[in-house]
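Notes for the structure review
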Amino acid sequence: GESVGLHLPTLSVQEGDNSIINCAYSNSASDYFIWYKQESGKGPQFIIDIRSNMDKRQGQRVTVLLNKTVKHLSLQIAATQPGDSAVYFCAENVGTSYDKVIFGPGTSLSVIP
Amino acid sequence: DAGVTQSPTHLIKTRGQQVTLRCSPKSGHDTVSWYQQALGQGPQFIFQYYEEEERQRGNFPDRFSGHQFPNYSSELNVNALLLGDSALYLCASSPTLGLAGGPVSNEQFFGPGTRLTVL
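This section reports on the structure supplied with the text. In this text, all values refer to a predicted model and were calculated from it rather than measured experimentally.

In terms of regular secondary structure, chain B is built from zero helices and 11 strands. Starting at the N terminus, the α and β elements of chain B follow one another as β-β-β-β-β-β-β-β-β-β-β. Taken across its 119 residues, chain B has 47% of its residues classed as buried. A separation threshold of at least 6 residues defines the contact pool for chain B, and within that pool the share at least 24 residues apart is 55%.

Structure, rendered in C-alpha cells:
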C-alpha cells in the first residue's frame, strides 16, 4: 500500500546546530517527494522537493537526500534557527498528475535558544 | 496576491448535520485539492478538482463531496457529520503543468485551513 512514515516524532536541536529529519516511504513507484513545514495554526508550507532521478537537492539552508535503495528520505537544515521550530512532513506524490500527495505523520522540531 | 484563502476559519456542528467549506485558489492556479488533518497527524488526501471535475480521490466515503466553479474556487461538502470528522480541513492549489511557457513546478500552496468541530 501507500504510506510514508517518519522515524522520530520529536526532535530537539540547539540553535545554530544542523538538524536532520528522516523519513521512510513504502511506495517504490513514487517518483516525486516533498518536504513541508507546518507552523502552529497554519497550513503546510513547501520547503523543497526532489525527483527520483536525483539523490540530492539543495536549497537555501536545506538539503534533501533520497536513497531509493532503502526507500529513505531526509531533510537537513543547516544552522537551525528558532524560526525553524515547526512540524515537518515528508510526502510523496502518487498518480500521473503529481498532485495526489501522501503525507507522513510528521516530526516536531524544537529549536533550543 | 492573497494566496489560498479558506472560509470559515472555525466551525462547530453537531452529529448528523451537513457542512460546506470554501476555498479560493492562488491566482493563476486551476487545480484544487482538499485534505483532512486530524490533530497530531499528517494531512490525508480527500480529492482533487480540475476543470470543474473530480480528478482523483482518496479513501474517503461518499459523504465527502466537492465542487469546483468556473473561477476555480471550490467547495467541500460533508454530509451526516460524525464525531470523527472533527479535523482541520486544508485546501491546496496548484497550476497546470505542461503548458508552453507555463509553470514548471507542481508545488502545492496550502491555505490556513478550516477547523471543524463536531459535537
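Attention now goes to unusual backbone geometry. Of note, the amide linkage connecting Ser 7 of chain B to Pro 8 of chain B takes the cis form, showing an omega dihedral of -5°. Among the structural elements, Pro 8 of chain B can be located in the loop between β1 (5-7) and β2 (10-13). Even without glycine at this site, Ala 79 of chain A takes up a positive phi of about 45°. Here Ala 79 of chain A is to be found in the loop between β8 (72-77) and β9 (86-94). Looking at Ala 79 of chain A, the relative accessible area reads 36%, which means it is partly exposed. The phi dihedral of Glu 52 of chain B falls on the positive side, at around 65°, and the residue is not glycine. In this structure, Glu 52 of chain B sits in the loop between β5 (44-50) and β6 (53-57).

We now examine the pattern of salt bridges. Inspection of every chain in the model, using the stated rule, returns six salt bridges over all chains. When the shortest N-O distance is used, the salt bridge between Lys 42 of chain A and Glu 39 of chain A registers 3.7 Å. A residue is classified by how much of its surface remains accessible, and Glu 39 of chain A, at 26% relative accessible area, is partly exposed. The closest approach of N and O atoms between Arg 22 of chain B and Glu 75 of chain B, which form a salt bridge, is 3.4 Å. Of the two residues, Arg 22 of chain B is situated in strand β3 (residues 19-24) and Glu 75 of chain B in strand β8 (residues 74-78); the sequence distance between them amounts to 53 residues. Under the relative-accessibility criterion, Glu 75 of chain B is labelled buried at 18%.

Next up on the list: the packing of aromatic side chains. To describe a pair of aromatic rings, you give the distance between the ring centres and the angle between the ring planes. Residue and element names in this part refer to chain A. For the structure shown, the criterion picks out 11 aromatic pairs over all chains. Each ring, one from Tyr 25 and one from Phe 33, has its centre 4.5 Å from the other, and the planes form 45°; the classification is tilted. Overall, the relative accessible area of 8% leaves Tyr 25 in the buried class. By relative accessible area, which is 2% here, Phe 33 ends up buried. When the ring of Phe 89 is compared with that of Phe 103, the centres are 5.9 Å apart and the planes differ by 85°; the resulting orientation is edge-to-face.

Rules used in this analysis
- Residues numbered from 1 in each chain as written.
- Chains lettered and ligands numbered in written order.
- Predicted model: local features only at pLDDT ≥ 70, side-chain atom pairs only at ≥ 80, totals over all residues.
- Heavy atoms only, no water.
- Helix = DSSP H or I, 4+ residues; strand = E, 2+ residues; numbered from the N terminus.
- Buried < 20%, exposed > 50% of the residue type's maximum accessible area, 1.4 Å probe, protein only.
- Contact = heavy atoms within 4.5 Å.
- Salt bridge = Lys/Arg side-chain N within 4 Å of Asp/Glu carboxyl O.
- Phe/Tyr/Trp six-rings, centres within 6.5 Å; stacked < 30°, edge-to-face > 60°.

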